[in-house]
Amino acid sequence: QDEELRQLLAALGSSEQQTRTSAEEALGQVQLKMGFAAQLAACAVGIQLPAYTKDPSPAALPLRQMALTILRRLSLDSWRSLSSPDSAAVKQLLLDALAEEASGLPALLHACVANIRSREPWPELHERLGLALARSVQEASGAVE
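This is a predicted model, so every value here is computed, not measured.

(A) Structural detail: helix α3 (residues 36-44). Counting buried positions along α3 gives 9 out of 9 residues, so the element sits mostly inside the fold. Looking only at α3, the buried set comprises F36, A37, A38, Q39, L40, A41, A42, C43 and A44. Immediately downstream of α3, the backbone of G46 shows phi near 90°, a positive value.

As structure tokens, then:
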């Protein structure tokens, strides 16, 4: 399944119209299937299933950007149609990736987070942001001393 997802993401980014059109049709058929959103989120944050390891390679960046772009669209248009396990997995993966620094990813990642938060309560997000802010303030005050 991982390889199929990678191929789909690569085809969606293809410069060939026919390849992109076929990939868009395939995406339309699978985007709301159980497990797809979670797999997409795992790819977006750089986790390669089933090994659960980060993929830091530059070659993975375009695939991660495409995965986040699709997630952004899903979070805007179809969030409430996702299964509870998928939405929970997506939220957890995005939370874990909030500190992402790879070029071109933070804006898409933050857009996904904002879209999801606008559609439903997300107390874990507020908790995580509060902890990160407290840690930043603590580190900054330590640097001033």
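Here the narrative resumes.
(B) Region of interest: the packing of helix α1 (residues 2-12) against α3. The N-to-C vectors of α1 and α3 enclose an angle of 75°; their axes lie 11 Å apart at closest approach. As judged from the angle between their axes, α1 and α3 are roughly perpendicular. Within the contact between the two elements, α1 uses D2, L5, L8 and L9 and α3 uses F36, Q39, L40 and C43. Within the contact of α1 with α3, the residues separate by chemical class into 6 nonpolar, 1 polar and 1 charged.

(C) Up close: the pattern of salt bridges. According to the stated counting rule, one finds 3 salt bridges in the structure shown. Of the charged contacts, one joins E3 and R6 as a salt bridge, the two residues approaching to 3.3 Å between their closest N and O atoms. Placement of the pair is E3 and R6 together in helix α1, with a separation of 3 residues, close to one helical turn. Classification of E3 as partly exposed rests on a relative accessible area of 45%. The partner of K91 in a salt bridge is E120, with the nearest N and O atoms 2.6 Å apart. Highlighted residues: K91 in helix α5 (residues 84-96) and E120 in the loop between α6 (106-119) and α7 (123-144), separated in sequence by 29 residues.

(D) Geometry of the side chain of D86. Along the polypeptide, D86 turns up in helix α5. Nearest to the buried, unbridged D86 among oppositely charged side chains is K33, at 12 Å. Dropping the residues within four chain positions of it, D86 is found in contact with K33, M34, G35, F36, A37 and A38.

(E) Looking closely at the environment of L76. In this fold, L76 is placed in helix α4 (residues 60-77). Classification of L76 as partly exposed rests on a relative accessible area of 39%. Measuring from C-alpha to C-alpha, the distance between L76 and S118 comes to 9.2 Å, with 42 residues separating the pair along the chain. When sequence neighbours within four positions are dropped, the list of residues in contact with L76 reads N115 and R119.

(F) Just the packing of α5 against α6, in detail. Where α5 contacts α6, the two axes come as close as 10 Å, and the packing angle between them is 135°. Comparing the axis directions of α5 and α6 gives the class oblique. Considering how the two elements wind past one another, α5 and α6 form a crossing that is left-handed. Here V90, K91 and L94 of α5 lie close against α6, whose contacting residues are L109, C112, V113 and I116. By residue class, the composition of the contact of α5 with α6 is 6 nonpolar, no polar and 1 charged.

Parameters and conventions
Residues numbered from 1 in each chain as written. Predicted model: local features only at pLDDT ≥ 70, side-chain atom pairs only at ≥ 80, totals over all residues. Heavy atoms only, no water. Buried < 20%, exposed > 50% of the residue type's maximum accessible area, 1.4 Å probe, protein only. Helix = DSSP H or I, 4+ residues; strand = E, 2+ residues; numbered from the N terminus. Axes fitted to C-alpha atoms, helices over the stretch in contact; angles between N-to-C directions. Parallel < 35°, antiparallel > 145°, perpendicular 65-115°, else oblique. Contact = heavy atoms within 4.5 Å. Nonpolar A, V, L, I, M, F, W, Y, C, P; charged D, E, K, R; others polar. Salt bridge = Lys/Arg side-chain N within 4 Å of Asp/Glu carboxyl O. Lys, Arg positive; Asp, Glu negative; His and termini not counted. Left-handed = near helix turned anticlockwise from the far one by under 90°.

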